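# Commentary on secondary and tertiary structure
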Amino acid sequence: MIWCGYPRKLKNMSIRGLKKKQPKTFKVKIITVDAEMEFSCEMKWKGKDLFDLVCRALGLRETWFFGLQYTMKGICTWLKMDKKVLDQEIPKEDPISFHFLAKFYPEKVEEELLQEITQHLFFLQVKKQILDEEIYCSPEATVLLASYAVQAKYGDYDPNFHEPGFLAHDELLPKRVLRQYQLTAEMWEEKITAWYAEHRGIARDEAEMNYLKIAQDLEMYGVNYFPIAQNKNHTDLLLGVDAKGIHIYSINNRFSPNKSFEWSAIRNISYSEKELTIKPLDKKAEVFKFFSSQLKVNKLILQLCIGNHDLFMRRRKVDSIEIQQMKAQAREEKARKKMENQRLAREKQLREEAERAKEELERRLFQLEDEARQANEALLRSQEAAELLAEKAQIAEEEAKLLAQNAAEAEQERQRLEITALKTKEEKRLMEQKMREAELIAVKLVKESDRRAKEAEHLKQDLHEAREAERKAKQKLLDITKLNYPHMVKYPQSLPTDRDANFDKGSIKLDLKDIDLKRLSFEIERERLDYLEKSKKFEDRLKELKSEILALKLEEKQSGLYSHWNEVLGSLDRSIGNTPSWMKTFETGDSLDINLQRPFPAYSLNTTSSWPCTNKIQHTVPVVKSSFEENSLVANSVGTGTRKQIVKVQQHDSDVIYI
């Protein structure tokens, strides 16, 4: 039993020991600028224990700039490092919330901020203060600071990746600046992007450091403001505590202090209840006293003054071994990062060059492929063109043969035309000669007609005289008969025998006259018949000329010498102007209508009385149409049809000529 009971007793003792060893804890939530963390803290932990835990979690070694802040009854208070966490006046909540923030600010960020995490935390906090308008910044400076913030967040500007609108969800400018200028979000983005594009090649930590270097020159950078009064009843001043000293501001002006006390010029700072006293190092100088609203405010002011003064004095002393090691590590880290950045920049440049070379090669390849495709297409086109040219060459060869054949035929035709032209010239000469002969014949005919007309006129006069003599003889015979033989008037057949001889003598004379008239009529009829025969011959000759002219015209049209005939016709037309006036009247009509039926007066003889009839004599003169008239008619009637005109010409009282 003893053996059995021993293990049960040992077990109970171990459970009690474990319970005693497990300390009581409480939960704490730490809020940084960009993250939140929760820790379990022991009940006995002091503020420094919790602060060190947070710094270890962040990897922060420059702990003297930071602190844990909480809000109690509307006053922002910093957690004390030397007191237990639960013994301080902290909010009664689970978990207890603390803000891990920068409590003290460096005078020169580039020299004092050694770690990258320290620099990043300061960057985020200062950026938030500028956006929340806790630190005043001009609009131009806010745009520049925003460009560095974009560079730290997005890296180098790439127009292909950073398209318009990529900053739409980022808060980069204070609301005061947005209200002050009536610009759209696109306009602000364009201004920020213009600066952002110039920061190419700047690393994230370098961009954050450039941001802090610009921000540290602002008037409100790193200043903690507290309302104070020179007496207990009025709050008309502001007390500002920063890394350089204590400053007194008017309530409406936080940029230019009315009075400043540098840390090197302050001998002592003390408070009693709500009164705070600043004693200058110069004993002759006036002691500055002021009143705050609460005792806690005086404690907070004193706490900030002590911390800033310690840092101010540390900066002006030789760095401790820890600081020296940190600075050496920071320099090594910066050198390493610089080399790394340079290497990355070279690699990036080489990669960009390789990408550009690749793009160039791809473009060149695409271009070569395009050229090859075009060359293939050109080759196909050239082959098609070659085939087409071969076909054209074959066709051209056939056409050349045909042209040679046509040329030979044309040469033969030319020779034939030359021969024809020679013949045409000869025929033209002969025709002109025939025309001249026809003109001479026509002139002769006209002259003969005039002569015959004159002879007819003379014969007419002779006939008239003969008739008048016959009438007188008959009248005289009648008168004699009435005187000598009155009974013969009643009985004309029984004439006296003694006067028969005289009557027979008169009748013999009359018979002789009748014989002369008959002979004259026979001569006239014979001459008329001769004239008709000559006219018929002339008509046949003119018809032959007409047929020859028509044949020549057809040959000229077929041989293409129509222009030559136009010249001939023109010359003939000009020669017409020199023809007699009676020939011009014969230049109308299309055919040689020759009517020579009655060229001269046809005297009809009365068989009973042997006297010619006295009817009005009409005769027709033939219309003589020569070769030049025919040509002129051809030239005038081309495309117009045939014209006919009848002209009546009366040469004498007894002559009427119808044309």
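Described below are features of the structure shown in this document. Chains are numbered independently. Their residues run from 1 in the order of the written sequence. Local features in this predicted model are restricted to residues whose pLDDT is 70 or higher, and side-chain atom pairs enter the listing and the counts only when it is 80 or higher, whereas totals over whole chains, interfaces and linings include all residues. Side-chain numbers here rest on the full set of heavy atoms in the structure, without hydrogens or water.

### Let's talk about the overall build of the protein
What counts is decided by this rule: Secondary structure elements follow DSSP: runs of H or I of four or more residues count as helices, runs of E of two or more count as strands, with numbering from the N terminus. Two residues qualify as a contact provided that any one of their heavy atoms is within 4.5 Å of a heavy atom in the partner residue.
Each helix and strand in the protein was counted, giving 15 helices and 14 strands. Summarising the internal contacts of the protein: among those between residues at least 6 apart in sequence, 62% fall at separations of at least 24.

### A few points about helix H2 (residues 47-58)
Note the cut-off: Take the residue count of a helix, subtract one, and multiply by 1.5 Å to get its expected span. The cut-offs for exposure are 20% and 50% of the maximum accessible area for each residue type, with area from a 1.4 Å probe on protein chains only; residues under the lower value are buried, those over the upper are exposed, and the others partly exposed.
Spanning 12 residues, H2 covers 17 Å between terminal C-alpha atoms, matching the ideal 16 Å at 1.5 Å per step. Of all the positions in H2, only Gly47, Leu50, Phe51, Leu53, Val54 and Cys55 are classed as buried. Where H2 is buried, its residues contact strand E1 (25-31), strand E2 (36-42), strand E3 (66-72) and strand E5 (96-102).

### Remarks on the packing of aromatic side chains
Heads up, the condition is: Centres within 6.5 Å are what make two rings of Phe, Tyr or Trp a pair, Trp counting through its six-membered ring; a difference in plane orientation under 30 degrees is then read as stacked, over 60 as edge-to-face, and the rest as tilted. By definition here, charges over rings are those cases where NZ of Lys or CZ of Arg is within 6 Å of the ring centre and within 35 degrees of the ring normal.
For the coordinates displayed, the defined rule picks out 17 aromatic pairs. Residues phenylalanine 65 and phenylalanine 122 carry aromatic rings whose centres are separated by 5.7 Å and whose planes lie at 85 degrees to one another, so their mutual orientation is edge-to-face. Residue phenylalanine 65 is found in the loop between H2 and E3, and its partner phenylalanine 122 is found in helix H4 (residues 116-131); the two are separated by 57 residues along the sequence. In this structure phenylalanine 122 comes out as buried when scored by relative accessible area, which is 1%. On the basis of an interplanar angle of 85 degrees and a centroid distance of 4.9 Å, the ring pair of phenylalanine 123 and tyrosine 211 is categorised as edge-to-face. Taken together, the residues span a long stretch of sequence, with phenylalanine 123 in helix H4 and tyrosine 211 in helix H8 (residues 204-215) at a distance of 88 residues. What makes phenylalanine 123 buried here is its relative accessible area of 4%. Of the aromatic side chains, those joined through ring pairs into one cluster are Phe51, Trp64, Phe65, Phe66, Phe100, Tyr105, Phe122 and Tyr221. The ring of tyrosine 225 is capped by arginine 254, whose NZ or CZ atom sits 4.9 Å from the centre of that ring.

### Structural notes on the packing of H4 against H8
Threshold: Lines fitted to C-alpha atoms define the axes, with helix axes restricted to the stretch in contact, and inter-axis angles between N-to-C directions lie between 0 and 180 degrees. Should an angle fall under 35 degrees it is called roughly parallel, over 145 degrees roughly antiparallel, and 65 to 115 degrees roughly perpendicular, with every other angle called oblique. Two helices that cross are described as forming a left-handed crossing if the nearer one is turned anticlockwise from the farther one by less than a right angle, and a right-handed crossing if clockwise. Ten residues, namely Ala, Val, Leu, Ile, Met, Phe, Trp, Tyr, Cys and Pro, are considered nonpolar, four, namely Asp, Glu, Lys and Arg, are considered charged, and the remaining ones, Gly among them, are considered polar.
Interaxial distance between H4 and H8 falls to 9 Å at its minimum, and their mutual angle equals 50 degrees. One element, H4, and the other, H8, form an angle in the oblique class. Where H4 crosses over H8, the handedness of that crossing is left-handed. Judged by residue contacts, Glu116, Gln119, His120, Phe122, Phe123, Val126, Lys127 and Ile130 of H4 engage Arg204, Asp205, Glu206, Glu208, Met209, Tyr211, Leu212 and Ala215 from H8. Here the contact of H4 with H8 is built from residues that sort into 8 nonpolar, 2 polar and 6 charged.

### Some points on the nonpolar core
Test applied: What is meant by a nonpolar core is a set of buried Ala, Val, Leu, Ile, Met, Phe, Trp, Tyr and Cys residues, joined one to another through side-chain atoms within 4.5 Å.
One finds Phe98 and Phe100 to be the most contacted residues of the largest nonpolar core, which totals 91 residues. Setting aside residues no more than four positions away along its own chain, phenylalanine 98 makes contact with Val28, Lys29, Ile30, Ile31, Leu50, Leu68, Gln69, Tyr70, Leu79, Val85 and Ile90. In this structure, Leu445, Tyr531, Phe538 and Leu545 belong to the second largest nonpolar core, which totals 6 residues.

### Focus on the pattern of salt bridges
The test is simple: By definition here, a salt bridge exists when the distance from a side-chain nitrogen of Lys or Arg to a carboxyl oxygen of Asp or Glu is within 4 Å.
Applying the stated criterion across every chain, the model contains 30 salt bridges. The closest approach of N and O atoms between arginine 204 and glutamate 116, which form a salt bridge, is 2.7 Å. Of the two residues, arginine 204 sits in helix H8 while glutamate 116 sits in helix H4, which places them 88 residues apart along the sequence. For arginine 204, a relative accessible area of 35% translates into the label partly exposed. Classification of glutamate 116 as partly exposed rests on a relative accessible area of 29%. Here glutamate 208 ties to arginine 204 by a salt bridge, and the two come within 3.0 Å at their closest N and O atoms. Here glutamate 208 pairs with arginine 204, and both are found in helix H8, just 4 residues apart, close to one helical turn. A relative accessible area of 1% places glutamate 208 in the buried class. Three or more residues joined by partner-sharing salt bridges are found here, namely Glu107, Glu112, Arg315 and Arg316.

### Some details on the sheet that holds strand E11 (residues 275-280)
The cut-off we apply is this: Pairing between two strands is assigned when DSSP locates at least 2 bridges connecting them.
The sheet built from 7 strands is open, its strands ordered E9-E8-E7-E6-E12-E11-E10 with antiparallel pairing. Edge strands, defined here as strands with exactly one partner in the open sheet, are strand E9 (259-262) and strand E10 (266-272). Neighbour to neighbour, the strand axes of the sheet diverge by 30 degrees on average, direction disregarded. Across the sheet, helix H9 (residues 295-315) lies against strand E6 (224-229), strand E7 (237-241), strand E8 (245-250), E10, E11 and strand E12 (288-292), angled at about 160 degrees from E10, the strand it touches most.

Everything listed here is a matter of coordinates, which is why it stays silent on function.
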